[in-house]
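# A structural walkthrough
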Amino acid sequence: MAAQQQKNAIQKYIKYPILTALLLMSSAKVTAHTSVDEIINKAATAYGAEQLSSLQKVQFYDELYQYEQAQTGIASEGSHGIQLSQFTQQLSIDFKLQAKVFKRAETRLIGNHGSENMVVLERRFHDNKGYLVDHCQARYREVDGLKWHNVDFGLASSIDTLVIKQLTNNKSQLSLKNSVYIQGVKHEVIELTQNGTNNVLYINTQTGLLTRLIKTRGEHSIHYDFLAYKKAKGISWASEVLVSRDSKPISHIVNRQLKSHFDQSVFTGVTAEYKEFQQEAYLDFPTPTVNELEKGVYLVGQGWGFSLFIDNGDHYISVGAWQMPDDTFGWQQRLALLQQTTGSNKPVKGFVVTHHHDDHLMGLNGVVKQGAALYVLPEHEPAVRASISEPLADTQLKLISHASKLGDGKIRLLDVPSSHAAHNLVVYLPGHQILFAEDMFGSSFAKGFDSPNSWPMRDVYARTSKLNQAIQQANFNVQTYVSSHHGRVFSQQDFIDMLQLRCPSNNELQNRLFNK
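Here's what I pulled together on the structure shown here. All values reported here derive from a predicted model rather than from experimental measurement.

Thresholds applied
Here the residue numbers are simple positions, counted from 1 along each chain's written sequence. Note on the predicted model: pLDDT of at least 70 is required for a residue's local features to be given, and 80 or more for side-chain atom pairs to be given and counted; whole-chain, interface and lining totals, by contrast, use all residues. With hydrogens and water set aside, each side-chain value is computed from the structure's full complement of heavy atoms. Here a strand is any run of E in DSSP of at least two residues, a helix any run of H or I of at least four, and the numbering for each starts at the N terminus. The reference for a compact globule is 2.2 Å times residues^0.38; the radius of gyration itself is calculated from the C-alpha atoms. Accessible area is worked out with a 1.4 Å probe on protein chains only. A residue is then buried under 20% of its type maximum, exposed over 50%, and partly exposed in between. Residue contacts are defined here by distance: any two heavy atoms, one from each residue, within 4.5 Å place the two residues in contact. Areas reported here follow the Shrake-Rupley algorithm with a probe of radius 1.4 Å; residue values treat only the protein chains shown as occluding. Charge assignment: positive for Lys and Arg, negative for Asp and Glu; neither His nor the chain ends contribute. Every charge is mapped onto a representative atom, which is NZ of Lys, CZ of Arg, CG of Asp or CD of Glu. Here, any two strands with at least 2 DSSP bridges between them count as paired. Axis lines are fitted through C-alpha atoms, for helices just across the contact stretch, and the angle between N-to-C directions can take any value from 0 to 180 degrees. What we call a nonpolar core is a set of buried Ala, Val, Leu, Ile, Met, Phe, Trp, Tyr and Cys residues that are connected through their side-chain atoms within 4.5 Å. Here, a disulfide means two cysteine sulfur atoms that sit within 2.5 Å of each other.

With that out of the way, let us pick up the overall build of the chain. A count of helical and extended segments in the chain gives 11 helices and 27 strands. Against the compact-globule benchmark of 24 Å for 516 residues, the chain has a radius of gyration of 30 Å, which places it well outside the compact range. With the C-alpha coordinates aligned to their principal axes, the bounding extent of the chain is approximately 100 × 60 × 40 Å. Within the chain, the proportion of its 516 residues that are buried is 50%. Residue pairs in contact within the chain that sit at least 24 positions apart in sequence constitute 56% of those at least 6 positions apart. When the accessible area of the chain is evaluated, it comes to approximately 24800 Å², of which 50% is carbon and sulfur surface. One way to put it: in the chain the 50 positive side-chain charges average out to a point 8 Å from where the 49 negative ones average out.

So, in structure tokens, the structure goes:
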């Protein structure tokens, strides 16, 4: 009856084109909204509408694999390769109390890290406060930046069951885009923009289940493809999810489990055995700095990149050319600041290449342009030549052994293999008892150290142990330790203190994470 009345109204005003157009637009708008309601209602039913509406708490447990590009440990394989990590993670949510607990254990399966390859993470939000738990050192701290929406890294907003639960409460914000076919099955495409993120949802018209979710923010998009649906106690969910970014796979959730009944104690706080601690003051070196460690030995850098310059009479010998493509204070700028600070225009005639990773080779163009010769291990020669934009003269590349001496013995080189790089030179100055290394030790804090319980820090601590063993075998008497990534200068006691930091076994770490 209502449809016939609408048809009669349209016929009545057919002589008035503008009014007719407006009426047709209004009619289409009503139909579109009705279609969105029908689609969401069907999806809600498919996922368990009654159970979802009364759902006060839920817990998800995932087993997944993550793929990403990372640095290789072997120069002949190039600077980057694929790495594979295995994750187990658990997300517990209490909607009534506005509480979340996110736990994750990561094990590197393929990549250039050593056998101490598990790290665990726990982030909590309850009682309107965020907490970070360090199971390696049995401690925790309150973190202002951890909130309800980000404590789980946004995981909840990408779980199909929770997405549908949210949509049922936000129907007015949804718009119907079009219909498409995925694997021959018709899907309705719905769009929702919230907090600067555009969400496009593909809902199977036959089953009502969410098949695909695309989240776009800025220039980048993340795709979630849902499959292998399960149902328990009236609630459905996808037990497998493929996640990709810009058409490249990121991770594959191979087993997702859902619980709506579990022990409430997961939200009650951190175990009493753990101690609360305050984060040390962070050292970020925001402005360029020249630090004369000893007479004629300078550490020059800013932020995350530092170079060592050693006075060798009428010239310098340098090491450390780390930089990124958009850096404005690379190796050339560090040398210029040193010359300005000292009032001397001494050139650099020699530069030591420590290892093959491209971030540590990026500054070599500036080194070669300045006229310095490169001291290079034979294993690194192909990578060095490939990193330099112009042909390298034979006189500018000098192959050295794994235990060479430079500057009439003032500089000693030592190759310290590790999981990070099969060959990595360190520079030791016996007259000053100073050692410089890249990617082997350091701290981002004025006092204390980064926790071993984070990528790649746990492996860094393993590298520090290998470095210490090499120092002892070479009979180096080191009193001062400096690195390419940290402006903080280590004393011998600092280095010893860092060596003492350890995590328990992988089994113990995982037990602490999921059973505390």
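From this point, things continue past the structure.
Here we take up the sheet that holds strand 22 (residues 405-406). Ordered by their spatial adjacency, 6 strands build an open sheet running 22-23-24-25-26-27, and the pairing between neighbours is mixed. At either end of the open sheet lies a strand with only one pairing partner, and these are strand 22 and strand 27 (490-491). Pairing analysis gives 3 bridges linking strand 24 (residues 425-429) to strand 25 (residues 434-437), with the strands arranged antiparallel. Bridge assignment links valine 427 to a residue of strand 25, and that residue is phenylalanine 436.

With respect to the helices, strands and loops of the structure, alanine 321 is situated in the loop between strand 18 (316-319) and helix 5 (331-342). With 45 residues separating them in the primary sequence, alanine 321 and glycine 366 have C-alpha atoms 9.0 Å apart. Residues in contact with alanine 321, not counting those within four places in the same chain, are Ser307, Trp331, Arg334, Phe351, Asp359, His360, Gly363, Leu364 and Glu438.

Below, the discussion takes up unusual backbone geometry. Leaving glycine aside, a negative phi is the common case for residues, and trans is the common case for peptide bonds. Not every positive phi belongs to a glycine, and asparagine 128 is a case in point at roughly 65 degrees. One can find asparagine 128 in the loop between strand 4 (118-126) and strand 5 (129-134). We classify asparagine 128 as exposed; its relative accessible area is 66%. A positive phi angle, near 60 degrees, is found at phenylalanine 153, a position not held by glycine. Looking at the secondary structure, you find phenylalanine 153 in the loop between strand 6 (139-142) and helix 4 (160-167). With relative accessibility at 47%, the residue phenylalanine 153 sits in the partly exposed group.

Ordered in space as 15-16-17-18-19-20-21, the 7 strands form an open sheet in which the pairing is mixed. With partners counted over all chains shown, the strands left at the sheet margins are strand 15 (289-294) and strand 21 (397-399), one partner each. Sheet twist, expressed as the mean angle between neighbouring strand axes with direction ignored, is 25 degrees. In this structure, strand 19 (residues 348-352) lies alongside strand 20 (residues 373-376), joined through 3 bridges in parallel fashion. Considered in strand 20, the bridge of glycine 350 is made with alanine 373. Where helix 5 meets the sheet, its contacts fall on strand 15, strand 16 (297-302), strand 17 (305-311), strand 18 and strand 19, and the angle it forms with strand 17 comes to roughly 50 degrees.

In globular proteins that are soluble, nonpolar side chains generally tend to be buried together. Of all hydrophobic cores here, the largest spans 41 residues; its most connected members are Leu167 and Leu210. With 6 residues, the top contributor of residues to this core is helix 2 (residues 17-47). The contact partners of leucine 210, leaving out residues within four places of it in the chain, are Tyr47, Asp160, Val163, Ile164, Leu201, Tyr202, Ile203, Phe226 and Tyr229.

Next up on the list: the state of the cysteines. Applying the stated criterion across every chain yields a total of 1 disulfide. Residue cysteine 136 pairs covalently with cysteine 503 via a disulfide, S to S 2.0 Å. As the torsion about the S-S bond is roughly -115 degrees, the cysteine 136-cysteine 503 disulfide counts as left-handed. In this pair, cysteine 136 is assigned in the loop between strand 5 and strand 6 and cysteine 503 in the loop between helix 10 (492-500) and helix 11 (506-515), connecting sequence segments 367 residues apart. With respect to burial, cysteine 136 and cysteine 503 carry one shared label: buried.

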